[in-house]
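This is what each chain is made of:
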Number of protein chains: 2
Amino acid sequence: MFEVLAEPNRRAILSLLVSSQRSVGEIERQLRMPQPTVSKHLRVLREAGFVESTVDAQRRLYRLKPEPLQEVDAWLAPFRRFWSAHVDALERHLDRMDQSTPTKRKTRRRT
Amino acid sequence: MFEVLAEPNRRAILSLLVSSQRSVGEIERQLRMPQPTVSKHLRVLREAGFVESTVDAQRRLYRLKPEPLQEVDAWLAPFRRFWSAHVDALERHLDRMDQSTPTKRKTRRRT
DNA sequence: TCCTTATATACTCCATGGCGCATATACGTG
DNA sequence: CACGTATATGCGCCATGGAGTATATAAGGA
């Protein structure tokens, strides 16, 4: 999942599709990348469930599927808790930097 | 950034650090990976700003830094809008699947 | 049917990156 | 200062994956 997103062109395709579905040719033109490249990346995205396609004459219309990105979002959840919990920690940190009153630290942090 | 996250061991390290900081040895033991591997991944994570370390005798204590993951979170934002907007779209889709009344589609989709 | 458009696939080349192993560096301790 | 512990780095090997080029497949139109 993250490997799929690691490729810049693929992220570009996803970002392009977020507004509306597109044909391969449209993606090719808007992102200025060769057609085989687009098709290959679409294949990867499709097999990973990031996009799906429907046939429209000779065109294929590709559109986003939410699930994989939702999983990424879910993976991020614990870290979101982490960084919101550390808004306070920053304050505590700044407090700790106040070495001018070096009283014995009582809230000692466990390792 | 996504390339850094593409590596499973690195994600494991991050997930481990979310609860508290750890030394290299602790990570090594808890994730059952050889020490050079841990150090190398930590290097990548450090250079990408995902973690930072402080010296504690011969140990290095590594802890999370929120910024890069917050960027990932930010990248995800437009897609979040997309999938919440498509709760309705799902209903419309199911509606469209009702092929039992195949009248000429009037809401023809623009490309 | 032939030609054009649209998309997918096959193949080769090359760069990148992870791993294992050995080794270097740094610090604390007897 | 010698030794053990903790961590970092260097090197060689190998697999993976992206780019480019050529070609295959499929559908529409004259």
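See the structure shown above.
Residues numbered from 1 in each chain as written. Chains lettered and ligands numbered in written order. Predicted model: local features only at pLDDT ≥ 70, side-chain atom pairs only at ≥ 80, totals over all residues. Heavy atoms only, no water.

Enquirer: What exactly am I supposed to notice about the interface of chain A and chain B here?
Expert: Many structure descriptions define interface size as the accessible area lost when the parts assemble. On the chain B side, the residues contacting the 26 residues of chain A number 28 residues. Between chain A and chain B, a total of about 2,700 Å² is buried, with carbon and sulfur atoms accounting for 72% of that surface. Linking chain A to chain B there are two salt bridges. Among the salt bridges present, the one from Asp-73 of chain B reaches Arg-80 of chain A, with a minimum N-O distance of 3.0 Å. For the pair chain A and chain B, the number of links is two residue pairs in polar contact (both at pLDDT 80 or more). Put simply, the parts of the chain that give the side of chain A that touches chain B at least two residues each are α1 (2-5), α2 (8-17), β3 (59-64) and α5 (67-97) of chain A. Of all the elements, α5 of chain A adds the most residues to the side of chain A that touches chain B, at 11 residues. (Contact = heavy atoms within 4.5 Å. Buried area = accessible area lost by both parts, 1.4 Å probe. Salt bridge = Lys/Arg side-chain N within 4 Å of Asp/Glu carboxyl O. Polar contact = N/O pair within 3.5 Å; in protein donor to acceptor, adjacent residues only side chain to side chain. Helix = DSSP H or I, 4+ residues; strand = E, 2+ residues; numbered from the N terminus.)

Enquirer: What am I meant to see in the protein's contact with DNA strand D here?
Expert: Neighbouring DNA strand D are 22 residues, the closest being Lys-40 of chain A together with Gly-25, Gln-35, Ser-39 and Tyr-62 of chain B. Within the side chain of Lys-40 of chain B, an N or O atom sits 3.0 Å from a base oxygen of DNA strand D. Of all the elements in the fold, those that place two or more residues in the surface near DNA strand D are α2 and α4 (35-47) of chain A together with α3 (24-31), α4 (35-47) and β3 (59-64) of chain B. The leading source of residues in the surface near DNA strand D is α4 of chain B, at five residues. Within the surface near DNA strand D, the residues separate by chemical class into five nonpolar, nine polar and eight charged. (Near = heavy atom within 4 Å. Nonpolar A, V, L, I, M, F, W, Y, C, P; charged D, E, K, R; others polar.)

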